[in-house]
Amino acid sequence: FWVKAEIHAHQESLLAAEARAEAQRMELQLLRFQLDPHFLFNSLNGVVSEIPVHPNAAVDMVGELSRYLRYSLDHRHQFLSRLAVELDATGAYLKIQHARFADRLQTRIEASGSAREILVPSFLLQPLVENAFKHGFPNSEPPWVLEISARLEGGHLIVQVKNSGQPALSGNEHGLGLDTIRRRLEIHYPGRHSFHIEGVDGSTFVTLDLEGAPCSV
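So, here is what we can say about the structure in this document.

Reading the values: the criteria
- Residues numbered from 1 in each chain as written.
- Predicted model: local features only at pLDDT ≥ 70, side-chain atom pairs only at ≥ 80, totals over all residues.
- Heavy atoms only, no water.
- Helix = DSSP H or I, 4+ residues; strand = E, 2+ residues; numbered from the N terminus.
- Contact = heavy atoms within 4.5 Å.
- Areas by Shrake-Rupley, 256 points an atom, 1.4 Å probe, with all protein chains shown as cover.
- Salt bridge = Lys/Arg side-chain N within 4 Å of Asp/Glu carboxyl O.
- Buried < 20%, exposed > 50% of the residue type's maximum accessible area, 1.4 Å probe, protein only.
- Polar contact = N/O pair within 3.5 Å; in protein donor to acceptor, adjacent residues only side chain to side chain.
- Phe/Tyr/Trp six-rings, centres within 6.5 Å; stacked < 30°, edge-to-face > 60°.
- Lys, Arg positive; Asp, Glu negative; His and termini not counted.

**Concerning the overall build of the protein chain**
Move 1: The helix and strand tally for the protein chain stands at six helices and seven strands.
Move 2: When the elements of the protein chain are put in sequence order from the N terminus, they spell out α-α-β-α-β-α-β-α-β-β-α-β-β.
Move 3: Contacts in the protein chain between residues far apart in sequence, at least 24 positions, make up 71% of those at least 6 positions apart.
Move 4: If you sum the accessible surface of the protein chain, you get close to 11,600 Å²; carbon and sulfur atoms cover 57% of it.

Here you go:
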């Protein structure tokens, strides 16, 4: 009876673990669905606003948007991607904004080769970059600056997004994009991450410190 009870308890433990993993997979998928329509809505609004005054810029924006949506479709079932892929997708988004703002926007992406090979949650950077356009830039004068950097330090991936303008929300406050990032980090890096936002000299600094490999539920 003791052996049977142990076997039964072990089976129940395995089933519970599988149920938790499945619940996390479903939650991550829902979080992804929260982000993609949000991005599409913002981008289409940008294209519409440019059509009457800058039709050529609008055409460029549609081309980059198509590139980004292809990336989104190709990775819709992937919870993790190499940082290099995430940076390329972010670059496509920034080109959409460059077509809209021209010389009023200055961007730079810098990441070490080793950092680019690290797996991270898919679409991790998108809400951070969107926040710069939604909250940071409207509160500062152009030219607006957005810089993304990534490096490895002793098993930690350090990703920083810097943009013009003071932060509208801190890392502890609420907002759809920030809440989504916070929850995804809790799932992928339980007890192994930090998410910090601060304003310094008229700029916003968002820093992610991710320790080790992300959990793939």
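**What about the pattern of salt bridges?**
Move 1: For the structure on display, the rule yields seven salt bridges.
Move 2: Note that Glu117 and Arg82 form a salt bridge whose closest N and O atoms lie 3.4 Å from each other. Pair noted here: Glu117 is in the loop between α4 (113-116) and β3 (119-121) and Arg82 is in strand β1 (residues 80-82), with a separation of 35 residues, a long-range link.
Move 3: Across the pair Glu147 and Arg108 runs a salt bridge, and its minimum N-O distance is 3.4 Å. Taken together, the residues span a long stretch of sequence, with Glu147 in strand β4 (residues 144-153) and Arg108 in strand β2 (residues 105-111) at a distance of 39 residues.
Move 4: Look at the salt bridges and you will find they share partners, linking Arg108, Glu110 and Glu147 into a network.

**Some thoughts on the side chain of Thr204**
Move 1: Here Thr204 shows up in strand β7 (residues 203-211).
Move 2: Classification of Thr204 by relative accessible area gives buried; the value is 6%.
Move 3: Of note is the side chain of Thr204, whose polar atom sits 2.5 Å from the backbone oxygen of Gly165.

**Regarding the packing of aromatic side chains**
Move 1: Counted under the stated rule, the structure contains five aromatic pairs.
Move 2: With centroids separated by 5.8 Å and ring planes inclined at 80 degrees, the aromatic side chains of Tyr93 and Phe133 adopt a geometry described as edge-to-face. Residue Tyr93 is found in helix α3 (residues 83-101), and its partner Phe133 is found in helix α5 (residues 126-136); the two are separated by 40 residues along the sequence.
Move 3: Residue Phe133 is classed as buried on the basis of its relative accessible area of 13%.
Move 4: Considering the side-chain rings of Phe133 and Phe137, the 4.9 Å spacing of their centres and the 80 degrees angle between planes classify their relative orientation as edge-to-face. Here the two residues Phe133 and Phe137 agree in accessibility, since each one is buried.
Move 5: The rings of Tyr93, Phe101, Phe133, Phe137 and Trp144 are connected pair by pair, giving a single aromatic cluster.

**Points about α5**
Move 1: A large share of α5 lies buried, amounting to eight of its 11 residues.
Move 2: Three or more residues of α5 are buried, namely Gln126, Pro127, Leu128, Val129, Glu130, Ala132, Phe133 and Gly136.

**Some remarks on the side chain of Arg184**
Move 1: Its location among the elements puts Arg184 in helix α6 (residues 176-188).
Move 2: Buried charged residue Arg184 carries no salt bridge. Nearest counter-charge: Glu86, at 6.8 Å.
Move 3: Of the polar contacts made by the side chain of Arg184, one reaches the backbone oxygen of Ser122; its length is 2.6 Å.

All quantities given are derived from atomic positions and should not be read as evidence of function.
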